[in-house]
Amino acid sequence: MPNPAPPHMIDLIRKKRDGGELDGREIGYLVSGAVDGSIPLEQLSAWLMAAWLRGLSREETQALTIAMRDSGEKFSPARLGKVAVDKHSTGGVGDKTSFLVAPIAAACGLGVPMISGRALGHTGGTLDKLESIPGYRTALTLSEFETVLKRCGASIVSQTPTLVPADRVLYALRDRTGTVESPGLICASILSKKLAAGLDALVLDVKTGSGAFLRRREDAEYLAALMVATAEAAGTRTVALLTDMGQPLGRAAGNWIEVAEAVELLRGSRPAQSEDLRELSLILAGWMIHLGGAAATPEAGYALAATVLADGSALRAFFSMIEAQGGNIAVFDDPAGFHKPGATEVLHAWESGYIAAMDTTKIGWAVQRLGAGRGRAGEPVDPHAGIHFLARRGARVEKGQPLATLYATTPTLLAEPIALLREAITLSESPPDAVALVSRIFTREAAEDYLRDAVR
Ligand code: URA
């Protein structure tokens, strides 16, 4: 049989525009044309907008994920001799769970090949935080990545230029064409990168609440179920947890101050302000350990995670990874002494009351504008900028009581973030209702049930 003629991109755009469904061959054509440049950007952009407006079916999402996964080099963890597990979060403020779950899972004998991202919009970036450690290299080659994984059990790195090149092209276009917030496109973008790392198991932390990218609960639920079903169909055991981003996670949001907070917990401290961070990290790590086969249940995984946190083995795994990637762990001898912000200011409560709500997206922008994030791609970030929260949602505060300490690159950068933070915090006479840290869990079965019932 002769090969059928290749599709025409104009037909694929019209098909999607009119609500049709592309088959695997058509999606494969589109992805390879995005990578080799044979499809012009205006046609890719038009197709992305059609996909954003019409949505992608489960089959299209699956085909797009696999075609993007296979668009470049892949990492093969089989040579590690360990089960490979990872955790991915959809983005948050103060979310530093990676610095806890990666070494915890490594200390339980699993391999954690974690390919992470930089600050995006109002959310922080794992790589920017790690680069606040002097000498830490995030851009490793795949062979260096493998060496660190063999030696330390965990490695946190940036995407290489050759891994999932299709996402590089499509993500940059989505960013410029208003087509980021589409469940099918987000699912394919995130999972193609995770699946290219050859994972055996994956835990997804899907955020909901005022600081999440998808604020509407039903959107977050749909994305969670879609990602679980798609990754499972590709052969990776996957679970998604819907978790609260209605306030920053833990007490620090920034770069160095987040790494320092994580190390404090790895050292066994239990500051009250960091309790949600500790609890969520143990729950996520418990699922990683369970899906990775090192514990019979997620609860047994949680107990194992708590043990390696308490006995110092997770801290040793974290420090060994930092040293293997060129970082200087001497800075952890005196984390507060190493913290040298250009300017500091304290925000005090302007009246007495309960902290009833926090607009966490606004708080994320305040952190970014202090210098911890970027105004445009490629700009440097200030490792020492950020916010320490001195009171959390639900706390009763008295007028004049310190609520937060802000750290900026220069004194002139303080005014706007202080105004944003003040706007973001609602003080009220009555306490807010409690919010569950983990509100829903999607296993493969739960995801299939949800998608069967979902009318979209
Ligand atoms: N993070 C990604 O990597 N891709 C998306 O589409 C959204 C968040």
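Keep in mind the model is a prediction, meaning the values are calculated, not measured.

Basis of the calculations
Residues numbered from 1 in each chain as written. Predicted model: local features only at pLDDT ≥ 70, side-chain atom pairs only at ≥ 80, totals over all residues. Heavy atoms only, no water. Axes fitted to C-alpha atoms, helices over the stretch in contact; angles between N-to-C directions. Helix = DSSP H or I, 4+ residues; strand = E, 2+ residues; numbered from the N terminus. Parallel < 35°, antiparallel > 145°, perpendicular 65-115°, else oblique. Contact = heavy atoms within 4.5 Å. Nonpolar A, V, L, I, M, F, W, Y, C, P; charged D, E, K, R; others polar. Pairing = 2+ DSSP bridges. Near = heavy atom within 4 Å. Polar contact = N/O pair within 3.5 Å; in protein donor to acceptor, adjacent residues only side chain to side chain. Areas by Shrake-Rupley, 256 points an atom, 1.4 Å probe, with all protein chains shown as cover.

A. Up close: the packing of helix H16 (residues 360–372) against helix H17 (residues 415–424). Interaxial distance between H16 and H17 falls to 9 Å at its minimum, and their mutual angle equals 170°. The orientation of H16 relative to H17 falls into the category roughly antiparallel. On H17, the residues touching Lys-362, Ile-363, Trp-365, Ala-366, Arg-369 and Leu-370 of H16 are Glu-416, Pro-417, Leu-420, Leu-421, Glu-423 and Ala-424. Broken down by class, the residue content of the contact of H16 with H17 amounts to eight nonpolar, no polar and four charged.

B. Geometry of the sheet that holds strand S7 (residues 343–348). The sheet built from four strands is open, its strands ordered S6-S9-S11-S7 with antiparallel pairing. In this open sheet, the two strands that pair with only one neighbour each are strand S6 (252–254) and S7. Along the sheet, successive strands turn relative to each other by an average axial angle of 15°, direction set aside. Direction of pairing for S6 relative to strand S9 (residues 386–389): antiparallel, over a ladder of three bridges. When the sheet's bridge partners are listed, Ala-252 is paired in S9 with His-388. Along the sheet, H16 makes contact with S6, S9 and strand S11 (402–408), crossing S9 at roughly 130°.

C. Here's a closer look at the site of the ligand. Close contacts around the ligand come from Tyr-171, Arg-174, Ile-186, Ser-189, Ile-190 and Lys-193, and that covers them all. At 2.9 Å, a side-chain N or O of Arg-174 approaches an oxygen atom of the ligand. The contact in question runs from a nitrogen atom of the ligand to an N or O atom on the side chain of Ser-189, over 2.7 Å. Surface burial for the ligand is 85%, taken as the share of its 240 Å² of free accessible area covered by protein chains. Elements with a minimum of two residues in the shell around the ligand: helix H8 (165–177) and helix H9 (183–196).

Functional significance is not addressed by these values, which are geometric in nature.
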